[in-house]
Amino acid sequence: MRASQHSQLRFITCGSVDDGKSTLIGRLLNDTGAVFDDQLRAATDTQGAVDFAALLDGLDAEREQGITIDVAYRYFHTPVRSFIVADCPGHVQYTRNMATGASNAEAAIVLVDARKGLLTQTRRHTWICGLFGVRDVILAVNKMDLVGHDEAVFDAIRTEYAEMARAAGITSVQAIPVSALLGENLVETATSMPWYSGPTLLTALESLEPSRIDGIADAFHLPVQYVNRWGQDFRGYCGTLVSGRVRPGDTVTIQPSNLRAAITAVYSGGTAISEGTLGQALTLTLDKEIDISRGDVLSAAANPLEVSDQFSTHLLWMSTQPMLPGRSYRLLCGTREVMATVTDIKHLIDVDTQAQLAAKQLEINQVGACNISLASPIPFAPFDQSKALGGFILIDRQTNETVAAGRIEFALRRATNVHWQAIEVDKRARAISLGQTPKCVWFTGLSGAGKSTIANAVEKQLLALGKHAYILDGDNVRHGLNRDLGFTDVDRVENIRRVAEVAKLMTDAGLIVLVSFISPFRSERQMARELFAPGEFLEVYVSTPLEVAESRDVKGLYARARAGEIPNFTGIDSPYEAPESPELCVDTVDTGVEDVARKVVSALRL
Amino acid sequence: MTFTVAAEVKQNAVTGTLDQLESESIHILREVAACFHRPVMLYSIGKDSSVLLHLLQKAFAPAMSPISLLHVDTGWKFREMIAFRDMRVRETGIPLHVHTNPEGVAEGVGPFTHGAAKHTQIMKTDALKQALNLFKVDAAIGGARRDEEKSRAKERVFSFRNTHHHWDPKHQRPELWSLYNTHLNEGESVRVFPLSNWTELDVWEYIRRERIPVPSLYFAKMRPVVNRNGAWIMVDDDRMPIGPDEKVEERCVRFRTLGCYPLTGAIESTAETLDDIIAEMRASRDSERQGRVIDHDPGASMEKKKREGYF
């Protein structure tokens, strides 16, 4: 990107809590005239000393605890450039907020206390910067006044840091000896360090040209954000240009459909322009009527993106609810949203030491190397080539919380390599030959609620009606297909995933499948539901209360769970999430089993 | 030290910045249109609203904006603001809804009788929540900027609000790259701030470059004012009580922000053009909100008001 197009620089500041971050930013803001008199008065104590941290920490909770919790964005400008600085929290507990700041930054100032040298925090923040796309670092070796302005101290830190930064994927490091407290080498050159001939911190910020990772061989790519229809004839495709440039007459491929068209006009803010460039929010029109919607990508015909549905990724987990492999999350990449499942955690990375550790699940603030699988293929670019087409977030489907930030490393297979085997006898033909409509009846409820008893009675009634049914029972399936699974949350998710897939195959075979599984989590029942056609899946909640189920204790499991012999027992020390809107809610407390079964059969509308 | 600015260099620097800011804001507005069912833009008639309205037209041109406007009217705006609002709505053709808290009107709530804090709570915060519930709004776009105030510096672009419209600064959704999580459950909503990364100076530079109309209250003129607690309050209508120790004077003043007239202090100025305003702003040593009476109430910090549902 040329300087004339890029006069604003967005950077973050990071480093350890006591390294003088607030003082440095406060001084930069103050010395460039970005702090107004009334704000400065509010941050000045009775002795006339300015508390720069008070200028920056804007939340009551932050002032109470004296720490920075969330990223604060501050603005200042010089004659040459305008700046947005994100002041990032240092504490490991807020790793996710630091990563958020890094994701939106083009450069970082990493602070090091000259007396202490590189700390865990320096290493952690540098590594996260590299992971989330910062390639350029200014290393501010601070408190030089406290080490006698010693060049040897500065050189040692600079050398050690350069090596570490290279390993973290940082491509350029500019080291500057400073004293934030005394204002040395921040805005004005310090006379105390004549051995240093480089720029001041501000000059370095003004002249820094961040390395770009927003171009895939300079080819045009635009994720479609919004389709603009106006009148009978106008259909424009709106989006922000994330790579290359575009002119009227260019041929484009629409991904993932692979259809081609030519650009007829490029509009910026309603004005037709001769060329659209990187970062512009554009509206494009094409020479053909093609069905294009949000999430599609318009790509240069000669340089289409790779398309895949399985990826090797790095994930930063940001939720207090741990990540469970097998659970399905919404994945948002560019403007495309698809369902995604982590199939495998290859290893966890200790953010302090970058050591690789084995893991079954990811906890908050942990980074893992994970394989993910998507419900449908997406056009993408590896993150190292494009933040916009290789960075993604995961969203929990129940709470809507943003639970992870991720980067695509590479595709595990090209989506085109695996084809769905077309079989000529289809589901409909099988259903007709059996004389029935296939269904999946999903019984959920506590252990001992009566699920299997009801399923059993339903199957007998169906048999009497001449219908073909089959029961998938939790206990039975665990003896065979799922005998490798335990009762942790991770294993429960996989347990349900497998049985849902089997139930789907059985309905494909034309059967009425009766699934009798505790299936304690809403997320997984929702995942199961989505495998089926509308109307094909009936969730039956067997709502027998815990006291009743426990008093029955047919298998003696509750007694053992209460005695602490069975860990993770649903209803005792593992949660059960009752359905919010099941197709049918039954219990066996007031109604006999045969009557309940009749209700279920009638709900099937055979 | 402060910088003396070479006008020519500055001009170039800002042009690139404005293009970048404009594209980002348009991207955000399009996300709103694509991802929400009942979005509105909160139009409060000031300079930031004027920029937003202009961006809204640009984002969806040549079509009409699919997002309509909502003005929460306290009944105490400058008269000129209301006339300007109605003119802009006629010119742009974008539908406008106006809402005033009917209970507040029935009780005769006003800043002179009830004080700044209570007036703001009832006629702004409560009225906003009423309007958002009434129109079942799931995304409300506002013109707030992060450089305005300390707690705003911590605000997200898409700011999540629970079913009671409350903001929880400790549990905000992380925002990475330009990926915005727009999923909501029933009754929840977001406030969207497309101008988050703009500064006051960017706003004025953009108004000048794009020739965006703004109310003339921003430009210096002789106006009748009263000095009240150190602020110049303009006598905009005869509802304003004049104390025995007060005197109405004609002074050459202008406004840096616009709100309810009894709560918005004017500054003495001779800036009659956009160039004058920009020059004055560059030289100013006081922040924009310094003239806002409600910001000086220690019991009603911006963070507290935002937690309760204020913008």
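- By the naming in an unreviewed UniProt entry, chain B is Sulfate adenylyltransferase subunit 2, taken from Lysobacter soyae.
- Under the heading Catalytic activity (unreviewed entry), UniProt records this for chain B: "sulfate + ATP + H(+) = adenosine 5'-phosphosulfate + diphosphate".

- An unreviewed UniProt entry lists chain A under the name Adenylyl-sulfate kinase, with Lysobacter soyae given as the organism.

1. So, the overall build of chain A
Link 1 in the chain: Across its full length, chain A holds 17 helices and 26 strands.
Link 2 in the chain: Summarising its shape, the C-alpha atoms of chain A cover approximately 95 × 70 × 45 Å along the three principal directions.
Link 3 in the chain: Per-residue burial over chain A gives 57% buried out of 606 residues.
Link 4 in the chain: Of the contacts formed within chain A by residues at least 6 apart in sequence, a portion of 72% connects residues at least 24 apart.
Link 5 in the chain: Split by element, the accessible area of chain A, about 25000 Å² in all, is 50% carbon and sulfur.
Link 6 in the chain: One finds the centroid of the 58 positive side-chain charges in chain A at a distance of 7 Å from the centroid of its 73 negative side-chain charges.

2. Side note on the sheet that holds strand β10 (residues 267-268) of chain B
Sheet strands associate in pairs through backbone hydrogen bonding, adopting either a parallel or an antiparallel arrangement.
Residue and element names in this part refer to chain B.
Link 1 in the chain: Taken in spatial order, the four strands make up an open sheet running β8-β7-β9-β10, and their pairing is antiparallel. The open sheet has two free edges, formed respectively by β8 (231-234) and β10, since each of these has just one partner strand.
Link 2 in the chain: As defined by bridge partners, strand β9 (residues 249-254) adjoins β10 across two bridges and the pair is classed as antiparallel. When the bridges of β10 are listed, Val253 appears paired with Glu268.

3. What to know about the UniProt feature "domain: Phosphoadenosine phosphosulphate reductase" (unreviewed entry) in chain B
Link 1 in the chain: This chain's UniProt record puts "domain: Phosphoadenosine phosphosulphate reductase" (unreviewed entry) on residues 39-265 of chain B.
Link 2 in the chain: Structurally, residues 39-265 of chain B comprises 30% helix and 19% strand, and the distance from its first C-alpha atom to its last is 32 Å.

4. Some details on the sheet that holds strand β22 (residues 439-444) of chain A
Residues and elements named next belong to chain A.
Link 1 in the chain: Taken in spatial order, the five strands line up as β23-β24-β22-β25-β26 in an open sheet, and their pairing is parallel. On the outer flanks of this sheet lie β23 (469-473) and β26 (584-586), each paired with one strand and no other. Averaged over all pairs of adjacent strands, the angle between strand axes in this sheet comes to 20°, irrespective of strand direction.
Link 2 in the chain: Pairing of β22 with strand β25 (residues 537-542) involves five bridges; the strand directions are parallel. By the bridge assignment for β25, Phe443 is matched with Val540.
Link 3 in the chain: Each of β22, β23 and β24 (512-516) is contacted by helix α13 (residues 489-508), which is oriented at about 150° to β22, the strand it contacts most.

5. Description of the packing of aromatic side chains
Link 1 in the chain: Using the criterion set out here, one finds 24 aromatic pairs over all chains in the structure.
Link 2 in the chain: With centroids separated by 5.9 Å and ring planes inclined at 35°, the aromatic side chains of A:Trp442 and A:Phe537 adopt a geometry described as tilted. Of this pair, A:Trp442 sits in strand β22 while A:Phe537 sits in strand β25, placing them 95 residues apart in sequence. Taken as a pair, A:Trp442 and A:Phe537 share a single burial class, namely buried.
Link 3 in the chain: A centroid spacing of 6.3 Å and a plane angle of 15° characterise the contact between B:Phe36 and B:Phe158, whose relative ring orientation is stacked.

6. With respect to helix α7 (residues 151-167) of chain A
Residue and element names in this part refer to chain A.
Link 1 in the chain: A rise of 1.5 Å per residue sets the reference length of α7, with its 17 residues, at 24 Å; its end C-alpha atoms lie 25 Å apart and thus fit the reference within 8%.
Link 2 in the chain: Among all positions in α7, only Phe154, Ile157, Tyr161, Met164 and Ala165 are buried. Down the axis of α7, the buried side of the element spans an arc of 105°, and every buried residue falls inside it. In α7, the exposed positions angled more than 90 degrees off the buried face are occupied by Thr159, Glu163, Arg166 and Ala167.
Link 3 in the chain: Where α7 is buried, its residues touch β4 (107-113), α6 (120-131), β5 (136-142) and β6 (172-177).
Link 4 in the chain: One side-chain oxygen at the N-terminal end of α7 lies 2.9 Å from the backbone nitrogen of Ala152; it belongs to Asp150.
Link 5 in the chain: Once α7 ends, the next one or two residues include Gly169, with phi positive near 90°.

7. Topic: the packing of helix α7 (residues 200-210) of chain B against helix α8 (residues 274-283) of chain B
Residues and elements named next belong to chain B.
Link 1 in the chain: Between α7 and α8, the least distance of the axes is 10 Å, while the angle of their chain directions is 165°. Between α7 and α8, the angle falls in the class roughly antiparallel. Here the hand of the crossing between α7 and α8 comes out left-handed. Along the contact surface, α7 presents Glu200, Leu201, Trp204, Glu205, Ile207 and Arg208, while α8 presents Leu274, Asp275, Ile277, Ile278, Met281 and Arg282.
Link 2 in the chain: Of the residues belonging to the contact of α7 with α8, the class tally is seven nonpolar, no polar and five charged.

8. As for the UniProt feature "active site" (unreviewed entry) in chain A
All names here are of chain A.
Link 1 in the chain: Per the UniProt record, the feature "active site" (unreviewed entry) sits at Ser519.
Link 2 in the chain: Turning to its location among the elements, Ser519 is positioned in the loop between β24 and α14 (522-529).
Link 3 in the chain: Note on Ser519: relative accessible area 3%, which makes it buried.
Link 4 in the chain: If we skip the residues at most four places from it in the chain, Ser519 touches Trp442, Phe443, Thr444, Ile496, Arg525 and Tyr576.
Link 5 in the chain: A distance of 3.0 Å separates the side chain of Ser519 from the backbone oxygen of Phe517, its partner in a polar contact.

Parameters and conventions
Residues numbered from 1 in each chain as written. Chains lettered and ligands numbered in written order. Predicted model: local features only at pLDDT ≥ 70, side-chain atom pairs only at ≥ 80, totals over all residues. Heavy atoms only, no water. UniProt positions renumbered as here; feature names shortened; annotations may be inferred. Helix = DSSP H or I, 4+ residues; strand = E, 2+ residues; numbered from the N terminus. Buried < 20%, exposed > 50% of the residue type's maximum accessible area, 1.4 Å probe, protein only. Contact = heavy atoms within 4.5 Å. Areas by Shrake-Rupley, 256 points an atom, 1.4 Å probe, with all protein chains shown as cover. Lys, Arg positive; Asp, Glu negative; His and termini not counted. Charge placed at Lys NZ, Arg CZ, Asp CG, Glu CD. Pairing = 2+ DSSP bridges. Axes fitted to C-alpha atoms, helices over the stretch in contact; angles between N-to-C directions. Phe/Tyr/Trp six-rings, centres within 6.5 Å; stacked < 30°, edge-to-face > 60°. Expected span 1.5 Å × (residues − 1). Arc of directions from axis to C-beta. Polar contact = N/O pair within 3.5 Å; in protein donor to acceptor, adjacent residues only side chain to side chain. Parallel < 35°, antiparallel > 145°, perpendicular 65-115°, else oblique. Left-handed = near helix turned anticlockwise from the far one by under 90°. Nonpolar A, V, L, I, M, F, W, Y, C, P; charged D, E, K, R; others polar.

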